[in-house]
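Overview (structure and organization)
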Amino acid sequence: MAQFRFTVGPWNVHEGNETFGPGHRPTIPFEEKVKKFKEIGMDGVQFHDDDAVPDMNNMTEKAIIDYAKDVKALLDKQGLFAEFVAPRLWFDRRTNDGGYTATSKEDYDFAIWRSLRSVDIAKALGTKKIQLWLAREGTLCAESKNPVKAIQQMRDAFNTILNYDPEIQILIEPKPNEPVDKSYCGTAGHGLAIGAQTVDPSRVGLCIETAHSVLAGLDPSADFAFALAWGKLWGVHLNDQNGIRYDQDKTFGVENLRSAFDQVKVLYENNFGDKGECVGLDVKAMRTQPAEDCYRHIINSKAIFLKLLEKVKKFDYKFQEQCVKERNLEKLEMYVIDLILG
Ligand code: XUL
Ligand code: MN
């Protein structure tokens, strides 16, 4: 029986900034966010490396680990765990044009340095999971890179991380575009393919995000199933997305309710969570949301997930079987709609 544990990252409570305007909500200190996460029913926290250790570029490797240990104590105090650490390779000027696929050796080395520090931070926080959102691994200008070499270089970077610590696991979070224009590793299939080329494919899996599947023109629940079929769905980022446009990170289920139902269904049917996998809610509040209620999107995402879970548990497999036998999929479809609406 699937037991779901919910996680979010500090970036999921943001000031409301977007491309066309700055944020207008005040910045909430990390410690306050963590306390609130517990209050609203989260079980764990997701981290970018510098969410855990803010000034890490200017710190020694030992100081980074010590700082991360203090963050672990803070989590322990709240009864929360760390799900993963993700090296933030999309911020720095040096990784503007890719980290693992950088065209300059210095920039590549910086990306590796940050990635290995993420491993150190993960260990200090008590997790084995390194999540790689390959934000800038691709091109803004196709002719600027040798694509074959760059993709092999990305595999080399994964190998360096895997070789650095024999326990560490990599979760690739694929996304087809944004901020990069043309991604080299845009889908679950790409993630698994590159994982299979590493020194230890058994330590490379996936975190699939609803919106990223939609952006690739794919169905999120089918993407989950694809990873589940090989035991590779090690995390999910649930949210919602209105078609192929900018990445929206909407509250789970608000745009495509039936798709959200199917996502919960496939997770439930396959005991997602039994091996410690978490239901990550990678959602962002609308820019209009007032500061006094700026966790509402997280609260709603969990509530919608649990409401859909109740519906999933009522799914009549006998009726489904009958409809399939009769080839009466119109009948089955109406049943699903009635179940969701009922
Ligand atoms: C961006 C995205 C990130 C990652 C974590 O599209 O989903 O928030 O999940 O770095
Ligand atoms: Mn995400």
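Now for a description of the structure that goes with this document. (Residues numbered from 1 in each chain as written. Chains lettered and ligands numbered in written order. Predicted model: local features only at pLDDT ≥ 70, side-chain atom pairs only at ≥ 80, totals over all residues. Heavy atoms only, no water.)

1. Some points on the overall build of the chain
Check the secondary structure of the chain and you find 12 helices and 10 strands. Since a compact globule built from 342 residues should have a radius of gyration of about 20 Å, the 20 Å found for the chain is in line with a globular shape. Each principal axis of the C-alpha atoms in the chain carries an extent, and together these give about 65 × 45 × 40 Å. Relative to its full complement of 342 residues, the chain shows a buried share of 53%. Considering only residue pairs separated by 6 or more positions, the chain has 77% of its internal contacts joining residues 24 or more positions apart. When the accessible surface of the chain is totalled, it reaches about 15,800 Å², and 53% of it is carbon and sulfur. Charge-centre separation for the chain: the mean point of 44 positive side chains lies 3 Å from the mean point of 51 negative side chains. (Helix = DSSP H or I, 4+ residues; strand = E, 2+ residues; numbered from the N terminus. Rg over C-alpha atoms; globule rule 2.2 N^0.38 Å. Buried < 20%, exposed > 50% of the residue type's maximum accessible area, 1.4 Å probe, protein only. Contact = heavy atoms within 4.5 Å. Areas by Shrake-Rupley, 256 points an atom, 1.4 Å probe, with all protein chains shown as cover. Lys, Arg positive; Asp, Glu negative; His and termini not counted. Charge placed at Lys NZ, Arg CZ, Asp CG, Glu CD.)

2. With respect to the site of ligand 1
Near ligand 1, the surroundings consist of W11, H48, W90, W133, E173, K175, E209, H212, H237, D247 and D282. For ligand 1, an oxygen atom lies 2.7 Å from a polar atom in the side chain of E173. Contact between ligand 1 and K175: an oxygen atom at 3.0 Å from a side-chain N or O atom of the residue. Relative to its free-state accessible area of 290 Å², ligand 1 is covered by the protein chains to the extent of 94%. With respect to the pocket detection grid, ligand 1 is positioned in the largest pocket. (Near = heavy atom within 4 Å. Polar contact = N/O pair within 3.5 Å; in protein donor to acceptor, adjacent residues only side chain to side chain. 1 Å grid on protein atoms, 1.4 Å probe; cavity = no way out; pocket = protein on both sides within 12 Å on 5 of 7 lines; lining within 4 Å. Sits in = over half its atoms within 2 Å of the grid points.)

3. Quick word on the side chain of D247
As for its placement among the helices and strands, D247 is situated in the loop between β9 (233-238) and α9 (257-269). Side chain to side chain, D247 and K175 meet in a polar contact 2.7 Å long. Not counting residues within four places of it along the chain, the set of residues in contact with D247 comprises K175, E178, E209, A211, H212, L215 and Q241.

4. Looking at the coordination of the manganese ion (ligand 2)
For the manganese ion (ligand 2), the full set of protein donor atoms is E173 (OE), E209 (OE), H237 (ND1) and D282 (OD), at a range of 2.0 to 2.2 Å. Geometry at the manganese ion (ligand 2) is octahedral, judged from the 6 donor atoms that bind it and their angles of 80 to 171° at the metal. When the donor residues of the manganese ion (ligand 2) are listed from N- to C-terminus, their spacing reads E-x35-E-x27-H-x44-D. You can see E173 sitting in strand β6 (residues 169-173) and its partner H237 sitting in strand β9, a full 64 residues away along the chain. E173 sits in the buried class, given a relative accessible area of 5%. (Donors = N, O, S within 2.8 Å, 3.2 Å for Na, K, Ca; no water. Tetrahedral: all angles 85-135°; square planar, octahedral: opposite > 155°, others 65-115°.)

5. Re empty space enclosed by the protein
The probe, sized like a water molecule, is rolled over the atoms to show the empty space still left. Summed over all chains, the structure comprises 2 cavities of 30 Å³ or more. The computed volume of the largest cavity comes to approximately 50 Å³. Taken together, P174, G186, T187, A188, I208, E209, H212, S213, A216, L218 and D223 make up the full set of residues lining the largest cavity. Of all the secondary-structure elements, those providing two or more residues to the lining of the largest cavity are β8 (204-209) and α7 (210-215). Along the lines of polarity and charge, the residues of the lining of the largest cavity split into 5 nonpolar, 4 polar and 2 charged. Residues belonging to the lining of the second largest cavity are distributed by class as follows: 6 nonpolar, no polar and 1 charged. (Points joined across faces, edges and corners; volume = space filled by probe spheres on them. Nonpolar A, V, L, I, M, F, W, Y, C, P; charged D, E, K, R; others polar.)

6. Let's talk about the nonpolar core
One finds Y100 and I298 to be the most contacted residues of the largest nonpolar core, which totals 87 residues. The leading source of residues in this core is helix α4 (residues 105-125), at 9 residues. Beyond its immediate chain neighbours, meaning those up to four positions away, I298 contacts V8, N12, V13, F37, I40, M42, L281 and V283. (Core = buried A, V, L, I, M, F, W, Y, C linked by side-chain atoms within 4.5 Å.)

7. Quick word on the packing of aromatic side chains
By convention here, two paired aromatic rings are described through the distance between centres and the angle between planes. On inspection of all chains with the given rule, the structure shows 11 aromatic pairs. Ring geometry for F319 and Y335: centres 5.1 Å apart, planes at 50°, overall tilted. Taken as a pair, F319 in helix α11 (residues 317-326) and Y335 in helix α12 (residues 329-341) lie far apart in primary sequence, 16 residues in all. The rings of F4, F6, F252 and F305 are connected pair by pair, giving a single aromatic cluster. The ring of F91 carries the charged tip of R88 above its face, separated from the ring centre by 4.5 Å. The ring centre of F110 lies 3.8 Å from the NZ or CZ of R94, which sits over that ring. (Phe/Tyr/Trp six-rings, centres within 6.5 Å; stacked < 30°, edge-to-face > 60°. Lys NZ or Arg CZ within 6 Å of the ring centre and 35° of its normal.)

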